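The chain contents come next:
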Amino acid sequence: MEHTSQIKPRLQKPSWLKVKLPSGEKYNFIKEQRKNLGLATVCEEANCPNIGECWSTGTATFMILGDTCTRACRFCSVKTSKSPAPPDIEEPEKLADTIFAMQLDYVVLTTVDRDDMPDQGANHIATCIKKVQEKNPSLIIEILMPDFQGNKELAAVVADSEAMVLAHNVEVVERLTGRVRDRRANYHQSLNILEYLKKRNPLAYTKSSLMIGLGEKEDEMETAMRDIRQTGVDFLTIGQYLQPNRNLLPVHEFIHPDIFLKYQKIGLEIGFKYVASGPLVRSSYKAAEHFIKSIIQNQSTN
């Protein structure tokens, strides 16, 4: 069994993980909109390294159901509480107006886990999607959703929404799940939800994500990729884990870009429609979103 109680010195970041400081007119616009309307973005809450690149080009991932999660995964910097504040009932309208003002054609909505709510937030998520789509009819919406503790009736509420991309992250290989994710999360529970989402709404695309650099082995990664693909998932993203703060899991290893390319090749060979794999790739990643958008738009014209 691996032990993480001893504090280890941080590894030196390699050159391929260096990013520019965020700036620019669009970056400042999104920041002000978010602050004025009391919205949360996973870009900030999760300390995403791509925030400058994405926001400066008008791409953002909005986090709904508040900024506090009921789970305490050991890789995530989002605030946690057993009883967060109730969701903002005006959030759906605020989201719709903000996205309209930004003139986006693809948006990612993600959520905290709300195990404290009777429906775990499923109906609020669906309402947000509905309001955003009504205000922005040509918009492609991707929803990155919780596992709802494996409750398929709740997953169906979101699957039946108008989101074109239904996403849920497996996060890590099976062996590391108990060490990295909250005890209420489960590797096979996540796979079962992904499989259900595809069966419930076969017209939508499904998507998942894996982090590496936490001590996984290459054969475990290939197994996880095959397990995810067997659920019918269309799109996969793979990125380097970066320790958000010293209270969370340390980086075990910085993975060389060549290994990411290897995983991308394997993913395409086993049948994913698209694999975004690289050190700075995240589950919400604008290059992947651009490719997914082109697939959806091409399908709608055929």
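Everything numeric here is computed off the predicted structure, so don't read it as measured data.

## Concerning the state of the cysteines
- Per the counting criterion, the structure on display carries zero disulfides.
- Distance from the sulfur of Cys73, which forms no disulfide, to the nearest cysteine sulfur (Cys76) is 6.5 Å.

## Considerations on helix H5 (residues 122-135)
- For H5, spanning 14 residues, the distance from its first C-alpha to its last is 20 Å, which sits close to the expected 20 Å at 1.5 Å a residue.
- Among the residues making up H5, those that are buried are Ala122, His124, Ile125, Ala126, Cys128, Ile129, Val132 and Gln133.
- Looking at the buried residues of H5, the elements they touch are strand S2 (61-64), helix H4 (91-102), strand S5 (106-111), strand S6 (140-144) and helix H6 (152-159).

## Details of the packing of H4 against H5
- At a minimum axis separation of 8 Å, H4 and H5 run at an interaxial angle of 35 degrees. Regarding H4 and H5, the two cross each other, and that crossing is right-handed. Residues Glu91, Pro92, Glu93, Leu95, Ala96, Asp97, Ile99 and Phe100 of H4 form the contact with H5, whose participating residues are His124, Thr127, Cys128, Lys131, Val132 and Lys135.
- Across the contact of H4 with H5, the residue classes break down as seven nonpolar, two polar and five charged.

## With respect to the environment of Met164
- By secondary structure assignment, the location of Met164 is in the loop between H6 and strand S7 (165-167).
- Given the relative accessible area of 31%, Met164 is considered partly exposed.
- Between the C-alpha atoms of Met164 and Glu142, which are 22 residues apart in sequence, the distance is 6.1 Å.

## Points about the pairing of strand S10 (residues 274-278)
- Where burial is concerned, most of S10 is hidden: five out of the five residues are buried.
- Burial along S10 is two-sided: the residues Tyr274, Ala276 and Gly278 and Val275 and Ser277 are all buried.
- Taken together, the five bridges between strand S9 (residues 235-240) and S10 define a ladder with parallel strand orientation. Paired with Leu236 across the two strands is Val275, which belongs to S10.
- Read from S9 through helix H10 (residues 257-269) to S10, the crossover connection turns out right-handed.

## Details of unusual backbone geometry
- One non-glycine residue, Gln120, lies in positive phi territory at about 55 degrees.
- Residue placement: Gln120 occurs in the loop between S5 and H5.
- Unlike most non-glycine residues, Glu171 shows phi in positive territory, near 80 degrees.
- Considering the arrangement of structural elements, one finds Glu171 in the loop between S7 and helix H7 (177-180).
- Under the relative-accessibility criterion, Glu171 is labelled buried at 15%.

## Points about the environment of Lys152
- The residue Lys152 is located in helix H6 in this model.
- Spatially, the C-alpha atoms of Lys152 and Leu197 are 8.6 Å apart, while their sequence positions differ by 45 residues.
- Those residues in contact with Lys152 that lie beyond four places of it in its chain are Asn192 and Tyr196.

## Topic: the pairing of S6
- Most of S6 is tucked away: five of the five residues are buried.
- On S6, burial covers both faces: Ile140, Glu142 and Leu144 on one face and Ile141 and Ile143 on the other are all buried.
- Between the parallel pair S5 and S6, the chain is carried across by H5, and the sense of this crossover is right-handed.
- Relative to S7, S6 is paired through three bridges, and the arrangement is parallel. Looking at the pairing, Leu144 lines up with Ala167 of S7.

## Description of helix H8 (residues 187-200)
- Along its 14 residues, H8 runs 20 Å from first to last C-alpha, staying within 8% of the 20 Å computed at 1.5 Å per residue.
- Among the residues of H8, Tyr187, Gln189, Ser190, Leu191, Ile193, Leu194, Tyr196, Leu197 and Lys198 are the ones counted as buried.
- Buried residues belonging to H8 abut H6, S7, H7, strand S8 (205-212) and helix H9 (218-230).
- Sitting at the head of H8, Asn186 places a side-chain oxygen 2.9 Å from the backbone nitrogen of His188.

## Digging into the pattern of salt bridges
- This model, assessed by the stated rule, comprises 18 salt bridges.
- Note that Lys135 is salt-bridged to Asp97, the shortest N-O span being 3.6 Å. Placement of the pair is Lys135 in helix H5 and Asp97 in helix H4, with a sequence separation of 38 residues.
- What makes Asp97 partly exposed here is its relative accessible area of 38%.
- Look at the salt bridges and you will find they share partners, linking Arg71, Asp113, Asp115, Asp147, Asp182 and Arg184 into a network.

Criteria and cut-off values
- Residues numbered from 1 in each chain as written.
- Predicted model: local features only at pLDDT ≥ 70, side-chain atom pairs only at ≥ 80, totals over all residues.
- Heavy atoms only, no water.
- Disulfide = S-S within 2.5 Å.
- Helix = DSSP H or I, 4+ residues; strand = E, 2+ residues; numbered from the N terminus.
- Expected span 1.5 Å × (residues − 1).
- Buried < 20%, exposed > 50% of the residue type's maximum accessible area, 1.4 Å probe, protein only.
- Contact = heavy atoms within 4.5 Å.
- Axes fitted to C-alpha atoms, helices over the stretch in contact; angles between N-to-C directions.
- Left-handed = near helix turned anticlockwise from the far one by under 90°.
- Nonpolar A, V, L, I, M, F, W, Y, C, P; charged D, E, K, R; others polar.
- Pairing = 2+ DSSP bridges.
- Right-handed = clockwise from strand over helix to strand, strands pointing away.
- Polar contact = N/O pair within 3.5 Å; in protein donor to acceptor, adjacent residues only side chain to side chain.
- Salt bridge = Lys/Arg side-chain N within 4 Å of Asp/Glu carboxyl O.

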